[in-house]
Amino acid sequence: MGGWIGRRGVLAGMSAAAVSSLAAPEAFAQIRTRLVVIGGGFGGATAARRLKALLPGADVTLIEPNATYMACPFSNLVVTGLRDLGAQIFSYAELSKEGVTVARDRAIDVDAVARTVVLEGGATLSYDRLVLSPGVDLRWDALEGYDETTARRLPHAWKAGAQTALLRDQLASMENGGLVVMTVPPAPYRCPPGPYERASLIAHYLKTQKPRSKLLILDAKDNFSKMPLFMEAWAELYPDHLEWRSASEDGRVSAVSAADRTVFTDFESVQGAVVNIIPPQRAGEIAVRAGVADATGWCPVNAISFESTLQPNIHVIGDASIAAPMPKSAFAANLQAKICAIAIVRMLSGQTPQPTVLANTCYSYTGPDAAVSITGVYTNEDGSLSSVPSAGGLSPLAATDSVRAAEAAQAEGWFSAVTAEAFG
Amino acid sequence: MTARSLRGFFAILSAVGLAACGANSANEAMPPATDLDRSATLAATCSGCHAGPETAMISLDGLSKEVLSDAMHRYKSELDGTTVMHRLARGYTDADIDAVSTYLAASAEVE
């Protein structure tokens, strides 16, 4: 982290007292630091806002190609007709108001030595510190027959927006009696319990709207997030409308044929009326360009500062980072953004980022008015994340409807909180 | 775990909130909420849910250190508690509960 030695000139004007006490953002108001954030999701938007709030004098630029953000959490409700897609849309207007420069462009390259970002529009931005929050890219090379073109026929709906609407519309126009097939990739991927929440809500949709239909889940894993809770809900609510096939039961899908909506496991082929392929994933392409992704396709970081262990002055937060046992969730991205922003301010002032305790909570709907949760508590004491023993865990099994309803209400509360944090 | 204990999830905070109302003059002596030490990073987790408009997630705005700390200790000590807050509170030391409660109480608003 020799990178910040170069900042001495900038910081030379600060009094020693201000540096040592780190009393208030006012102390840093004069720092004309160039901070660039790539990716306007839960991680990037939160990071940009926090950095600007902590360092009002800094130039904070958020690079995001889309005019608005389409949120993934709660999009499974959209898929199954329980929520309007419009409720998933968030703008960057508040960030602009707060003084963040929102550059509607795509970052196509990063030079970690020159500390520059090249934009598709042609501009080159210099940075003192760069925060990468690119989310995931779907791996079009991982599943034979599945690419950007065939995804228009077999939707993934794993990035919210047009794909969400496509899966919703395919389900809506499917005949009663049609088979829905969902394929789930091996870990790690964005939102570990997400496929099973979607499965629950699709099963609910079939049960209530198309009772002769069924959902078949073909899974590349033998166990999954919140498994006991989902299994309990499925047995109770959807025994006739949902079947989960594990990797050990020939659930792993290796190829798809879009033309006849067929998926291939090791020993079988299954044709669906609607086929939802959740493909394997990796860190967004810009992470590879920046040299912060390793051979796994994800980005190793120091978990105290979220600075890349591969390139100085570049921090990686959110789904793209390797933060396990913290999951790839919106909650985690939002929290990592805040921890990272604080670490960056400390580093700019010559202070070492401090270890802390982090946590995550993810809610999943098991039906329209019922949700379950998983929580984890983590320390980053030694620069990597580990779970705090005896903390965290799942919602109780065999709980009453009111317990599940209360967690559904909390899920909504979480969604308003985290979107307010990211987008104002 | 029952509906009763989940109601307790909300009852704990509202009960201690009422009890401690108006008994919070110690706030003036608190350090500024903008200190970027461990307490600021601890509090970053809280605002993941307790930010924005009040919903099923109560607002922490205006709650005193005593209210916050007492609630966290009660979550931590209720061994049969199964709410999200029970599961979270068990991961925090008494010192961290003290630090984050102090920080949040000193904040004008939840960060």
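**Student:** Looking at this structure, I do not really get the overall build of chain A. What am I missing?
**Tutor:** Scanning chain A from terminus to terminus reveals 11 helices and 25 strands. Here the contacts in chain A between residues at least 6 apart in sequence split such that 66% fall between residues at least 24 apart. Roughly 15,300 Å² of accessible area belongs to chain A as shown, and the carbon and sulfur atoms make up 52% of that amount.

**Student:** In this structure, what is going on with the nonpolar core? I would like to understand it.
**Tutor:** Generally speaking, soluble globular proteins have nonpolar side chains that are buried together. If you look at the biggest cluster of nonpolar residues, it comprises 107 residues, and the most contacted ones within it are Ile38(A), Val117(A) and Trp414(A). With 13 residues, the top contributor of residues to this core is helix H10 (residues 330-348) of chain A. Residues in contact with Trp414(A), not counting those within four places in the same chain, are Pro73(A), Phe74(A), Ala330(A), Phe331(A), Tyr363(A), Gly48(B), Cys49(B) and Met57(B). One finds Val184(A), Ala203(A), Phe230(A) and Trp234(A) within the second-largest nonpolar core, a separate group that totals 28 residues.

**Student:** Can you help me understand the sheet that holds strand S11 (residues 179-184) of chain A in this one?
**Tutor:** By way of backbone hydrogen bonds, the strands of a sheet pair with one another, either parallel or antiparallel. All names here are of chain A. A sheet is described by the order of its strands in space; here four strands give the open sequence S13-S12-S11-S17, paired in parallel fashion. Strand pairing shows two members of the sheet lacking a second neighbour, strand S13 (242-245) and strand S17 (274-277), which therefore form its edges. The sheet shows a mean angle of 15 degrees between the axes of neighbouring strands, direction not considered. One ladder, built from four bridges, connects S11 with S17; its direction is parallel. Bridge pairing in S17 places Thr183 opposite Ile277.

**Student:** What should I look at first to understand the packing of H10(A) against helix H2 (residues 38-46) of chain B in this one?
**Tutor:** Each packed pair of helices is defined by two parameters, the angle between the axes and the distance between the axes. For the pair H10(A) and H2(B), interaxial distance at closest approach is 9 Å and the crossing angle is 160 degrees. The pairing of H10(A) with H2(B) is recorded here as roughly antiparallel in orientation. Here the hand of the crossing between H10(A) and H2(B) comes out right-handed. In this structure, H10(A) contributes Phe331(A), Leu335(A), Lys338(A), Ile339(A) and Ile342(A) to the contact, and H2(B) contributes Ala40(B), Thr41(B), Ala44(B) and Thr45(B).

**Student:** Explain the confidence of the model for chain B to me, please; I cannot follow it from the model alone.
**Tutor:** When pLDDT is low, close inspection of the predicted coordinates is not appropriate. Residue and element names in this part refer to chain B. Of all residues in chain B, 66% have pLDDT values of 70 or greater, and the mean over the chain is 76. Here residues 1-11 is a poorly scored stretch, pLDDT under 50, and it has 22 contacts once near neighbours within four places are set aside; other chains count. Scored below 50 in pLDDT, residues 13-33 makes 25 contacts in the model with residues more than four places away or belonging to other chains.

Reading the values: the criteria
- Residues numbered from 1 in each chain as written.
- Chains lettered and ligands numbered in written order.
- Predicted model: local features only at pLDDT ≥ 70, side-chain atom pairs only at ≥ 80, totals over all residues.
- Heavy atoms only, no water.
- Helix = DSSP H or I, 4+ residues; strand = E, 2+ residues; numbered from the N terminus.
- Contact = heavy atoms within 4.5 Å.
- Areas by Shrake-Rupley, 256 points an atom, 1.4 Å probe, with all protein chains shown as cover.
- Core = buried A, V, L, I, M, F, W, Y, C linked by side-chain atoms within 4.5 Å.
- Buried < 20%, exposed > 50% of the residue type's maximum accessible area, 1.4 Å probe, protein only.
- Pairing = 2+ DSSP bridges.
- Axes fitted to C-alpha atoms, helices over the stretch in contact; angles between N-to-C directions.
- Parallel < 35°, antiparallel > 145°, perpendicular 65-115°, else oblique.
- Left-handed = near helix turned anticlockwise from the far one by under 90°.
- pLDDT = per-residue confidence, 0-100.

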